[in-house]
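What follows is the residue order along each chain.
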Amino acid sequence: QAKAAGGNQVAVYTEDDVAHINRMEDLRRALRSIVPGEQLSLHYQPIYDAAGRLRGLEALLRWQHSQLGNIPPGEFISLAEQSGQIVEIGEWVLSEVCRMIRRVRGKGLDDIIISVNLSPLQITAPGFVETLQCVLALTETSAEWLEFEITESIMIDSSKRTTSVLNALRAMGVRVALDDFGIGYASLTYLRELPLHTLKLDRSFICHITEQHAEAAIVKAMISLVHELGFEVVAEGVETKEQLELLRSWGCDFFQGYLLGKPMQEEALCAPLMQAAL
Ligand code: C2E
Ligand code: MG
Ligand code: MG
Ligand code: MG
């Protein structure tokens, strides 16, 4: 960000700005030579129902770089979108998730749904549905085991193409969730236009429900709105027992957050995860 100094509009960069710009440049360069199978991995965070039964796991990308260390998705997803590489990375995520499903089934983790985050660019990329069908067939994965998480940003250019891809997913039996619900470009009209199964209430709402009346009122009303529309609702970022109890009393269907489980490596996934002591 250039900061205007005086009336002369001279751009003055602070040390922090320069560090930030350099970091972004390093990340861009590292991204260009990324080898997904070697540097990327997936962690999995559990999602539970009100009785403490495991509904499923959300797959979350991790990037380990030999020089730059661990780079969180919040830092590199948008860069990968800018360079277009998110399409290739997303394909790697998809096939890795499908292979993982085959591995954990039989370890006592049956009948769970794996949630995969999708970038808007992936949805509109040519051949997305065909690629998906191919990966499912090759890995012998059933479409019903998958849920795709999309964000409200896909509605910025709510092209016919986006809607037709989402309809094709629905026809295949893949669930579609709207992620980070409530913080985006919230025109409620798209809720009746998009073929959705699930809405995920953003963590920024959940974190204040126990101390702020307005936040509590909003979340409570969103839960009943979502139910009226016939969708399931997941609360993201549940960190305390008090938040969980409030959300449960309002009829929230599913819960995800550090209280119930952090994102973990595949090796840590085991049968005891199937039931949480709520
Ligand atoms: P998201 O899809 O909303 O994922 C939830 C994020 O919240 C994750 O951050 C998760 O670790 C974090 N989280 C979960 N529970 C709690 C909690 O109780 N407290 C707090 N403070 N945080 C919690 P993460 O893994 O850093 O991912 C950030 C974002 O990056 C994701 O947000 C998603 O938008 C994006 N992302 C991650 N993996 C992928 C991917 O494979 N593809 C795409 N396109 N985007 C991805
Ligand atoms: Mg998500
Ligand atoms: Mg989310
Ligand atoms: Mg979120």
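Located above this text is the structure these notes cover.
Source: prediction; values computed, not measured. In this numbering scheme, every chain counts its residues from 1 along its sequence in written order. All chains are assigned letters beginning at A, and all ligands numbers beginning at 1, according to the order in which they are written. Given that the model is predicted, a residue must reach a pLDDT of at least 70 before its local features are reported, and side-chain atom pairs must reach 80 or more before they are shown or counted; all residues, however, enter totals for whole chains, interfaces and linings. Think of the side-chain values as coming from all heavy atoms in the structure, minus any hydrogens and water.

(A) Spotlight on unusual backbone geometry. In the Ramachandran plot, Asp-111 falls in the positive-phi region, its phi being about 55° despite a non-glycine side chain. Tracing the chain through its elements places Asp-111 in the loop between helix H4 (86–104) and strand S6 (113–117). Not every positive phi belongs to a glycine, and Glu-140 is a case in point at roughly 55°. Secondary-structure assignment places Glu-140 in the loop between helix H6 (128–139) and strand S7 (146–151). Numbering goes from the N terminus for both helices and strands, where a helix is a DSSP run of H or I of at least four residues and a strand is a run of E of at least two.

(B) Structural detail: the site of ligand 1. Throughout this document, a residue counts as near a molecule or strand when at least one of its heavy atoms sits within 4 Å of that molecule or strand. Lining the immediate environment of ligand 1, one finds 22 residues, of which Arg-62, Asn-117, Asp-179, Glu-239 and Tyr-258 sit closest. For ligand 1, a nitrogen atom lies 3.0 Å from a polar atom in the side chain of Gln-45. Here a polar contact is recorded for every N or O atom pair within 3.5 Å, except that within protein the pair must consist of a potential hydrogen donor and a potential acceptor, and residues adjacent in sequence are included only if both atoms are side-chain atoms. In this structure, an oxygen atom belonging to ligand 1 sits 2.9 Å away from a side-chain N or O atom of Arg-62. To be clear on the numbers: accessible area is Shrake-Rupley with a 1.4 Å probe, and residue cover counts the displayed protein chains and nothing else. The fraction of the free accessible surface of ligand 1 (800 Å²) that becomes covered by protein chains is 82%. Elements that contribute at least two residues to the shell around ligand 1 include exactly strand S4 (54–65), helix H3 (73–83) and strand S8 (175–181). With four residues, the top contributor of residues to the shell around ligand 1 is S4.

(C) Examining the coordination of the magnesium ion (ligand 4) more closely. The donor set comprises N, O and S atoms within 2.8 Å of the metal, extended to 3.2 Å for Na, K and Ca; water molecules are omitted, so apparent gaps in a site may simply reflect that omission. The protein atoms that coordinate the magnesium ion (ligand 4) are Asp-180 (OD) and Asp-202 (OD), at distances of 2.3 to 2.7 Å. Between the magnesium ion (ligand 4) and the magnesium ion (ligand 3), a spacing of 3.0 Å is present, and a bridge between the two is formed by Asp-180. One end of the pair, Asp-180, is in strand S8; the other, Asp-202, is in the loop between strand S9 (198–201) and helix H9 (203–206), and 22 residues separate them in sequence. Owing to a relative accessible area of 10%, Asp-202 belongs among the buried residues under this scheme. Exposure is judged per residue with a 1.4 Å probe applied to protein chains only, and the accessible area is read against the type maximum: over 50% gives exposed, under 20% gives buried, and values in between give partly exposed.

(D) Here's a closer look at the pairing of strand S10 (residues 232–235). Any two strands between which DSSP finds at least two bridges are classified as paired. Alignment of S9 against S10, held across four bridges, turns out to be parallel. In the strand pairing of S10, Leu-199 is matched with Val-233. As defined by bridge partners, S10 adjoins strand S11 (residues 254–255) across two bridges and the pair is classed as parallel. Paired with Ala-235 across the strands is Phe-255, a residue of S11. Following the chain from S10 across helix H11 (residues 241–249) to the adjacent parallel S11, one finds a crossover that is right-handed. When the strands point away from the viewer and the path from the first strand over the helix to the second turns clockwise, the crossover is right-handed.

(E) Local environment of the packing of aromatic side chains. Any Phe, Tyr or Trp ring, taking Trp's six-membered ring, that has another such ring centre within 6.5 Å forms a pair; planes under 30 degrees apart are called stacked, those over 60 apart edge-to-face, and the others tilted. Following the criterion strictly, the structure yields two aromatic pairs and no others. The criterion is that NZ of a Lys, or CZ of an Arg, lies within 6 Å of the ring centre and within 35 degrees of the ring normal, and then a charge sits over that ring. One cation-aromatic arrangement involves Arg-105 over Trp-145; the distance from NZ or CZ to the ring centre is 3.8 Å. The positively charged end of Lys-262 is found above the aromatic ring belonging to Tyr-258, 4.8 Å away from the centroid.

(F) View of the coordination of the magnesium ion (ligand 3). For the magnesium ion (ligand 3), every protein donor is listed as Asp-179 (OD), Asp-180 (OD) and Glu-236 (OE), and the spread of their distances is 1.8 to 2.5 Å. Read N to C, the donor residues that coordinate the magnesium ion (ligand 3) are spaced as D-D-x55-E. Of the residues examined, Asp-179 reaches a relative accessible area of 6% and is grouped as buried.

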